[in-house]
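Inside the fold
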Amino acid sequence: MTSPHVRETQPPSPVSSDLDEAVHRCLVAGFEGTTTFPDTLKRLIDRGLGGVILFTRNVRDAEQVRELTNALRAIRPDLLVAIDNEGGGIGHLVAAGAPEVPGSYALGVVDDPNLTARCADALAGHLATLGITASYAPVADLQHQPLNPIVRTRSFGADPELAARHLRAWIGATEARGIASCAKHFPGHGGTETDSHHDLAVDPRPGDELRADLEPFRAAVAAGVPMLMSAHVVYPALDANRPATLSRRILGDVLRLDLGFEGVLVSDALEMKAIAGRYGEAAGARIALAAGADQVIVAVPDLEVTLACRDEVLDALHSRRLSEERVWEAAGRVRRLAERYAAPGAGPVASWDSGAGLEAARRAVHARPVPAPVRGAHVVDLFPPPHPALNWGGEDLLTEVRALDPTACGTAVSGEPSDPAALADGILRVSRGAPLVVATCDAGLHPWQARLRDALLTRRPDAVRVDTGLPEGGDVLSYGRGRVNLRAVAEVLAAEC
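What comes next concerns the included structure. (Residues numbered from 1 in each chain as written. Predicted model: local features only at pLDDT ≥ 70, side-chain atom pairs only at ≥ 80, totals over all residues. Heavy atoms only, no water.)

1. Things to note about the overall build of the protein chain
For clarity, the cut-off: Only DSSP runs of H or I with at least four residues qualify as helices, and only runs of E with at least two residues qualify as strands; both kinds are numbered from the N terminus onward. Three labels apply to residues, based on accessible area from a 1.4 Å probe with only protein chains included: buried if under 20% of the type maximum, exposed if over 50%, partly exposed otherwise in between. The contact criterion used throughout is that any non-hydrogen atoms of two residues lie within 4.5 Å. All accessible areas in this document rest on Shrake-Rupley with a 1.4 Å probe, and a residue is counted as covered only by the protein chains that are shown.
Secondary structure summary: the protein chain contains 17 helices and 18 strands in total. Burial status across the protein chain gives 61% buried among its 497 residues. When contacts within the protein chain are restricted to residue pairs at least 6 apart in sequence, long-range pairs at least 24 apart make up 79% of them. Within the structure as shown, the protein chain displays about 18100 Å² of accessible surface, and the carbon and sulfur contribution to it stands at 51%.

Written out as structure tokens, the structure is:
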């Protein structure tokens, strides 16, 4: 199951073998491969690597994923195998038959914690069948900044109490499956106007406003969540100099002392520009561990980046820029996490409710009155390209409508068209005499969508407006772009349910 892929240099280690192993426990690595993996990864695991994170690039089908996770654990049984598994449009496991559930915002709209638990149980049960025992979900961020580009329908909403009760439901259901959950992104990414994948984000609100964002995390800690993930966000009211991932004040005083969290604090991915662009991944790893993180994620498959982070930490121990006590503390937490979650449960995995996700999506769409059906419609679906880091699936509404109404036709547009005026003219010409449906996804963030939508509505005021992101005044609201969200909208438009 191994292949030569990356050559690992072997600098002399200035620390004992036990401390070297502890350093490796503090790392989570991404990698290339579906049926094979690099020899460098094997050597990292041999030396104590704490975990690996899987992405779409590692997934071909369910049997292949099971073989991959078994092969990884055959090297070291206490290796944590993790994945981002939020549901909604983030679908790394689609090819492996993942249950279809809406994103968290739709679950918050329905506000039925039991239904949220059923959706979380389906996701966790599927992970258990694949040998994946750690899930970097759920999102605990509150979505209250209209221009936030990254949280949005990944959040349960803006109400701290609502988010708290759904986090409790999600964490409890995931724990019941023996899967480690992870509430993210501490202390909250929902108040920024910047995506930390692209640049350092800042939340300028005063401390009394930030306290509301802590409440979902406080609820997650009280529910026994075993992991939290930090945000690459600067909060001047808490620490004017460092993003949370690198802030001893935030990770120590706020997280450990105020919230009383005793589990594993894992960083968001270090290659994100908020860290890599300002500090570099290697320095970011050292500073994060010194600040109180227990594991740092390097999600890119280039293992040279992981090795550079490892070597920086070893060098910092040798030069006493990083204390051994801090590394022992972090590695001890990771070891206890692995004792609980690294090994898959024995015996067959119990079935889950495969219909919970579509039920939730339907209930969200019907949370407000919906217009009369429009069979035979021309459907215009406008949406941004899939996020390269989150792997949003790019599902389109037209496909879902045509599956129910073969007389429908239309246009799916992912990304800004080169000639919007010509596109609008063409749509209006071919849709003449048919009902028109115009769907947008977060048009407030993507002005090209708003311009094209308004150009169509000006000449076709009878058109049905659909919002597939956050609500923006549409006639039909899906509250997300997961496949089940779009299917539920298609059922309304085609009068089928």
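That shown, we press on.
2. Notes on the packing of helix H5 (residues 113-130) against helix H13 (residues 356-365)
Quick reminder of the rule: The convention used is that axes are lines fitted to C-alpha atoms, helices contributing only their stretch in contact, and that angles between N-to-C directions extend from 0 to 180 degrees. Our angle categories are set so that under 35 degrees counts as roughly parallel, over 145 as roughly antiparallel, 65 to 115 as roughly perpendicular, and the remainder as oblique. A clockwise turn of the near helix away from the far one marks a right-handed crossing, whereas an anticlockwise turn of less than a right angle marks a left-handed crossing. Here the nonpolar group is Ala, Val, Leu, Ile, Met, Phe, Trp, Tyr, Cys and Pro; Asp, Glu, Lys and Arg are the charged ones; every other residue, Gly included, is treated as polar.
The N-to-C vectors of H5 and H13 enclose an angle of 140°; their axes lie 9 Å apart at closest approach. Regarding the angle of H5 to H13, the classification is oblique. Between H5 and H13 lies a crossing of left-handed hand. Counting all contacts with H5, which are made through Leu115, Arg118 and Cys119, the residues of H13 involved are Ala356, Gly357, Glu359, Ala360 and Arg363. Taken together, the residues of the contact of H5 with H13 sort by class into 4 nonpolar, 1 polar and 3 charged.

3. Side note on the packing of aromatic side chains
Our working rule: Only rings of Phe, Tyr and Trp enter the pairing, Trp through its six-membered ring, and a pair is recorded when the two centres are within 6.5 Å. The plane angle decides the type: under 30 degrees is stacked, over 60 is edge-to-face, the rest tilted. Definition used: whenever NZ (Lys) or CZ (Arg) falls within 6 Å of the ring centre and also within 35 degrees of the ring normal, the charge is taken to sit over that ring.
Applying the stated criterion across every chain yields a total of 3 aromatic pairs. Arranged with centres 6.3 Å apart and planes meeting at 75°, the rings of Phe156 and Trp170 form a pair that is edge-to-face. With Phe156 in the loop between strand E6 (134-135) and helix H6 (160-176) and Trp170 in helix H6, this pair connects stretches of sequence that are 14 residues apart. Residues Phe156 and Trp170 agree in their burial class; the two are buried. Ring centres of Phe186 and Phe217 lie 5.3 Å apart, and the angle between their planes is 90°; on these two criteria the pair is classed as edge-to-face. Of the two residues, Phe186 sits in strand E7 (residues 182-186) while Phe217 sits in helix H7 (residues 207-222), which places them 31 residues apart along the sequence. With relative accessibility at 0%, the residue Phe186 sits in the buried group. Against the face of Phe383 rests Arg481, its NZ or CZ located 4.2 Å from the ring centre.

So, to be careful, I would describe these as geometric facts and stop short of saying anything about function.
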